[in-house]
Each structure stands twice: as structure tokens, then as C-alpha cells.
Amino acid sequence: MWGGRFSARPDQVMEAINASIDVDKRLAEQDIAGSKAHAAMLAKTGVISAADEAAIQKGLDQVLSEIREGKFQFSKALEDIHLNVESRLKEIIGEAAGRLHTARSRNDQVALDFRLWVKSACETRVEQITALMKALVAQAETHADTVMPGFTHLQTAQPVTFGHHLMAYVEMLDRDRGRFADAIVRMNESPLGAAALAGTGFPIDRHMVAKTLGFDRPMANSLDCVSSRDFALESLAAVAICAQNLSRLAEEIVIWSSAQFGFVRMSDAWSTGSSIMPQKRNPDAAELVRAKSGRAMGSLVQLLTIMKGLPLAYSKDMQDDKLTTFEAFDSLDLSLQAMTGMIATMTPNKERMRASASSGFSTATDLADWLVRELNIPFREAHHITGAAVKAAETANIALPDLPLAELQKLEPRITDKVFAVLTVDASVASRKSYGGTAPERVREQVAAWKGKLG
Ligand code: ARG
């Protein structure tokens, strides 16, 4: 492609380090869509003839079908997807192919292709996150009043409902969706037409190309067009944060499905056995979702590191933006699908959760609140009395609601047997009706609201 200036072939290792075709062949669809839009614009503005444009369009269609049908011969010597496509186009249509690259450079071409790919990947992740949210909402609806222990420090804190716990992830995932959606809005400008870096002397119409390719407008500065990858960075941040949220849910699945907890049973389809221990049902998919978050976070740091300190405009460093971005999006793709499958098919063990929710003096706060409400005792003092009650129950090796009234009255004589009504886990969760609280009626409201929003 630059034979005019060079007489010798590149060193083999030079070719190996320089070629990106193994990675950027994934941009074939975007590359051809960009070329078709560019060719149409060149003809419309009179830069190339209608006949050349027609030949280019037809030829590009053929290249695309060859690629789709797996018949295309990708060549490392041709470095990247752009040169591979153009070279094949030349074989098919001859001389007219050479006019396609007028008023364009691989620098704006790759910026365009990559932007189109990232945009569509973000759109797909939004859909996949939505599917996971729906699976969570469906389980939350079934389990709006299934009680479980709520934890802080992974120590029993207060009873909550399983539905409430799952709906917390729906809120997190909605913000994840929002991050992708916001990134799409900002990246929705076309870099094509910046040419190498400075723009072009040809009378091109960048607005036309932007519109054809589904962008809101062309980017305003040609140097920015070819040297910015913050659209990818922003998306990778969204990927990393989403993967991090998924890894927390994955961790909970690992804990919940252990024999010691026994809160949920994962379906056969999402469990694996052990080759030596027949009793095992391992939550491998959850563990791998947890692990894959590392890839997403690593990719973000990798691209930040590639980009930091690069002078404007294009540098070849930027070719390494793709592999890491593809890997991050791919791993989130798998993670979201796996998580959706796991959540949709898991079976909570209500009895185990209830038994666990009732242990660990989980309703101690309810006792303290009762003392405040009914006896007008200051909360700090109520906390102290309740602490003594917990200690008495612990010494007697019984649960808090099983403490005899006489024992409680030793700590505060005005306590009546009405207190026992608030010490059950059901009463505890039902009482937490504050906005956003764990009460089943609040959870059902949230479920209904989300069902409306998610469709
Ligand atoms: N394969 C290159 C990349 O991915 C395309 C741009 C090449 N530009 C150049 N000036 N060598 O970044």
C-alpha cells in the first residue's frame, strides 16, 4: 500500500508486531458500513463519479458477503482490516477501488469502526442487563416475604426479605445500564472525515456521513477525531463497574449455595459436579463471573495506561486499544448471560433462610425500638437494656423471643408480654415500612414499579 516509498519488505517480526488483523477482523462489518457511507458521500459531493461509486458499493457488498460466509482470505501482510478490505475490493473492481480512500485515512477509519463497535456493544449490554433485571424482579416478586438474615460484616444484623435483597441488585444494575446509555450519548459523533489528522481539502460532507451511520453529528475537531479513545475508556469504566457489581452477586451465590448456608439451590444447568467428591454441587459459573470481573477492571487500567501521555494526534499505541476492549466486553457478555440463567433458575430454601434469620438475636433492634416506642426510654438506654437481654438469652442458650417475661422484667420492670409480638422475624420485617425499607409491602411496590418500567 505504500510501495512507492519502500523497496524492501518488512522484517517478519516487524510484521508480527505490526499486524492487527487477527484482532480487528471483528470490525469488518463496521469498516464496510463506513466505506459505503464514505463512497456515497464522495459521489454526492462530486469527488468521485457515480460509476465509480456504483462499482465500489457493489464490490464492498461482495467483500462483506465473502467475510460473512467465511470465504474471505485475511492476510497478515495487509496488516489490518482496512487494508484487507481495500485490497480485496481492488481485486474485484480494479482501479475504482483506489478512489475510495480519497479524503480519508486509516486514522479516522479506525476511529470510526471502533466507535461503531463499542456503541453497538454498549447497546447489547444494556439489553442483557435488562434481561438480568427482569430475572431478579421475577424472583423478588415470588420472594417478597421470604425472610432471610440481613448482614453487616457478614454477621447477622436484622431480618430482611429475600425479595428486598434481590431488588438491591436491580437498582445497581439500573445504574449500570445508565452508565452505558450515558456513554452512548457522548460517543454518538462521527470521526470520519478527519482524514489523517488535519481534515481535507476535498469538499466532503461530514454531516451526511454522520447521519448515514446513525450518529447525531460529526465530531467538531479533526485532531480530536483521530486521537481520542475516551469513548472506549468511559465504556470500559461502565463494564468494570458492572462486572464488579456482578462479582458481588456472584459471591453471594457462592455463599448462599454452600452447605453451611443452604439458602439457595442452584439448578443442575448452572452447577458442576466434582470428579472425586460425589456430594459436590459447585457454583462454577458464579465463581467465574466473580473472576471475570478482574478482566474488566484490568482492561480499563490497560487502556488508560496505553492512552496516558500520548501526544496528539494518532500513535500506533492506539492499535492496542481493541483487544483489551473486546475482551472486557466479551467477558461481561458471558457474565451477564450466565448470571441471568443462574438467577432465573435458582430455588431459594425458605425454611433454611427463616431458621437462619431467627438466629443470631436478629430482632434485638426491634426490642430496643419497642422500649423507645412503648416506654419512652431514650434509644441509647434501650440499646443497653437490649444488650443485657441478648446476654441473658445467650447465657441460657435460647433465642431472644424465648426469654421468659420475668427475665426481661428484671432488666426493665415495665416490659409487658406485648413485646413478644415484635420479636418475630415476620413482625420485624413487616415493621420496616419506611420508604425503601424491607417490609414485604414496600418490596411489592418496588417490584410492581420495576415491572412497569422493564415491560
Ligand atoms: N490498524 C490501525 C489501528 O488499529 C489502523 C490505523 C493505522 N494508522 C496508521 N497511521 N498506521 O490503529
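> Let's hear about a nonpolar patch on the surface: which residues, and what values?
A contiguous nonpolar patch, built from L197, L223 and L312 and spanning about 270 Å² of accessible area, is present on the exposed surface. Its location among the elements puts L223 in helix α9 (residues 222–227). Judged by its relative accessible area of 33%, L223 is partly exposed.

> Go over helix α11 (residues 284–307) with me, naming the residues and quoting the values.
Between the first and last C-alpha of α11 there are 35 Å, a value that for 24 residues agrees with the 34 Å anticipated at 1.5 Å per step. Within the sequence span of α11, burial applies to A285, A286, V289, S293, A296, S299, L300, L303, I306 and M307. Among the structural elements, α9, α10 (230–256) and α12 (321–345) are those in contact with the buried residues of α11. Two residues or fewer past α11, G309 is found with a positive phi of approximately 80°.

> Tell me about the nonpolar core, and name the residues and values.
Counting residues in hydrophobic clusters, the biggest one holds 99 residues, and the most contacted among them are L136, F180, L246, F329, M339, M342 and I343. A per-element tally of this core places α10 first, with 15 residues. With 19 residues, the next largest nonpolar core counts I377, A382, L400 and L423 among its residues.

> Explain the state of the cysteines residue by residue, including any values.
Counted under the stated rule, the structure contains 0 disulfides. Between C122, a cysteine without a disulfide, and C242, which holds the nearest cysteine sulfur, the sulfur-to-sulfur distance is 11 Å. Classification of C122 as buried rests on a relative accessible area of 0%. Residue C225 stays outside any disulfide, its sulfur separated by 19 Å from that of C122, the closest cysteine. On the basis of relative accessible area, C225 is assigned to the buried category, the value being 1%.

> Now, about the packing of aromatic side chains: what can you tell me, with residues and values included?
Using the criterion set out here, one finds 9 aromatic pairs in the structure. Taken together, a centroid distance of 6.3 Å and an interplanar angle of 50° make the contact between F180 and F329 tilted. Remark: F329 occurs in helix α12 and F180 occurs in helix α7 (residues 162–187); sequence separation between them is 149 residues. Of the two residues, F180 and F329, both sit in the buried class. What links up through ring pairs into an aromatic cluster is the set F114, W117, F180, F231, F326 and F329. We note K322 situated over the ring of F114; from NZ or CZ to the ring centre the distance is 5.7 Å. Across the ring face of W450, the terminal group of K453 is positioned such that the distance to the ring centre comes to 3.9 Å.

> Which residues make up the packing of helix α5 (residues 81–93) against helix α6 (residues 106–142), and what values go with them?
The interhelical angle for the contact between α5 and α6, taken along N-to-C directions, is 110°, at an axis separation of 10 Å. The orientation of α5 with respect to α6, classified from their angle, is roughly perpendicular. Residue-level contacts link I81, H82 and L83 of α5 to R106, Q109, V110 and D113 of α6. The class makeup of the residues in the contact of α5 with α6 is 3 nonpolar, 2 polar and 2 charged.

> If you had to explain unusual backbone geometry to someone new, which residues and values would you point to?
The omega torsion of the bond from L312 to A313 falls at 5°, within 30 degrees of zero and hence cis. With respect to the element layout, A313 can be found in the loop between α11 and α12.

> How would you summarise the site of the ligand if you had to cite specific residues and measurements?
Around the ligand, the neighbouring residues are S20, D24, D80, H82, R106, N107, V110, Y314, Q319 and K322. The separation between a nitrogen atom of the ligand and a polar side-chain atom of N107 is 2.8 Å. Looking at the shell around the ligand, the element that brings in the most residues is α6, giving 3 residues. Here the residues of the shell around the ligand are counted per class, giving 2 nonpolar, 4 polar and 4 charged.

Calculation notes
- Residues numbered from 1 in each chain as written.
- Predicted model: local features only at pLDDT ≥ 70, side-chain atom pairs only at ≥ 80, totals over all residues.
- Heavy atoms only, no water.
- Patch = residues over 30% accessible without salt bridge, like charges linked within 9 Å, V, L, I, M, F, W, Y side chains within 5 Å.
- Areas by Shrake-Rupley, 256 points an atom, 1.4 Å probe, with all protein chains shown as cover.
- Salt bridge = Lys/Arg side-chain N within 4 Å of Asp/Glu carboxyl O.
- Helix = DSSP H or I, 4+ residues; strand = E, 2+ residues; numbered from the N terminus.
- Buried < 20%, exposed > 50% of the residue type's maximum accessible area, 1.4 Å probe, protein only.
- Expected span 1.5 Å × (residues − 1).
- Contact = heavy atoms within 4.5 Å.
- Core = buried A, V, L, I, M, F, W, Y, C linked by side-chain atoms within 4.5 Å.
- Disulfide = S-S within 2.5 Å.
- Phe/Tyr/Trp six-rings, centres within 6.5 Å; stacked < 30°, edge-to-face > 60°.
- Lys NZ or Arg CZ within 6 Å of the ring centre and 35° of its normal.
- Axes fitted to C-alpha atoms, helices over the stretch in contact; angles between N-to-C directions.
- Parallel < 35°, antiparallel > 145°, perpendicular 65-115°, else oblique.
- Nonpolar A, V, L, I, M, F, W, Y, C, P; charged D, E, K, R; others polar.
- Near = heavy atom within 4 Å.
- Polar contact = N/O pair within 3.5 Å; in protein donor to acceptor, adjacent residues only side chain to side chain.

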